[in-house]
Amino acid sequence: MSGVMLLWNWLITPVYMGYPREAVAGLLLPVFLPFNLLKAGLNGLGTFLICPPAAKALVRAGLLQKEEHYGA
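Anyway, here's the lowdown on the structure attached to this text. Predicted model, so just to flag it, every value in this text is computed and none were measured. (Residues numbered from 1 in each chain as written. Predicted model: local features only at pLDDT ≥ 70, side-chain atom pairs only at ≥ 80, totals over all residues. Heavy atoms only, no water.)

1. Some details on the environment of Asn 9
Along the chain, Asn 9 turns up in helix H1 (residues 2–17). As a C-alpha pair, Asn 9 and Pro 20 span 11 residues in sequence and 12 Å in three-dimensional space. One polar contact links Asn 9 to Asn 36, side chain to side chain, over a distance of 2.9 Å. (Helix = DSSP H or I, 4+ residues; strand = E, 2+ residues; numbered from the N terminus. Polar contact = N/O pair within 3.5 Å; in protein donor to acceptor, adjacent residues only side chain to side chain.)

2. Observations concerning helix H2 (residues 21–60)
Over its 40 residues, H2 extends only 51 Å from the first C-alpha to the last, a length that falls short of the 58 Å expected when each residue adds 1.5 Å. Of all the bends in H2, the largest measures some 65° and sits at Leu 28, one to four residues before the proline Pro 30. All of the buried residues along H2 are Val 24, Leu 28, Phe 32, Asn 36 and Ala 55. Contacts made by the buried residues of H2 are with H1. Gly 62 sits one or two residues past H2 and shows a positive phi near 80°. (Expected span 1.5 Å × (residues − 1). Bend = angle between axes of the 7 residues up to and from the residue. Buried < 20%, exposed > 50% of the residue type's maximum accessible area, 1.4 Å probe, protein only. Contact = heavy atoms within 4.5 Å.)

3. A few points about the packing of aromatic side chains
All told, the structure shown has zero aromatic pairs when counted by the stated rule. Stacked on the ring of Trp 10, the Lys or Arg Arg 21 has its end atom at 4.8 Å from the ring centre. (Phe/Tyr/Trp six-rings, centres within 6.5 Å; stacked < 30°, edge-to-face > 60°. Lys NZ or Arg CZ within 6 Å of the ring centre and 35° of its normal.)

4. What to know about the environment of Ala 55
Looking at the secondary structure, you find Ala 55 in helix H2. Given a relative accessible area of 13%, Ala 55 falls into the buried group. Separated by 32 residues in the primary sequence, Ala 55 and Ala 23 have C-alpha atoms spaced 44 Å apart.

Okay, structure coming up:
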């Protein structure tokens, strides 16, 4: 995820911020990489914490069958 986001940061940031692409390239490792790694980690942690209770709630509500997923 972080690698793909670095590519998108390099492509899109000059368009909406008006920076030259060379300036953005110089910011990729010191600025964008740590941000993208943190964002990916927080997204993964949130998914890890939210999915099992959500799946159990969907099974109890009859919207998901138990054999369709793990953990419920």
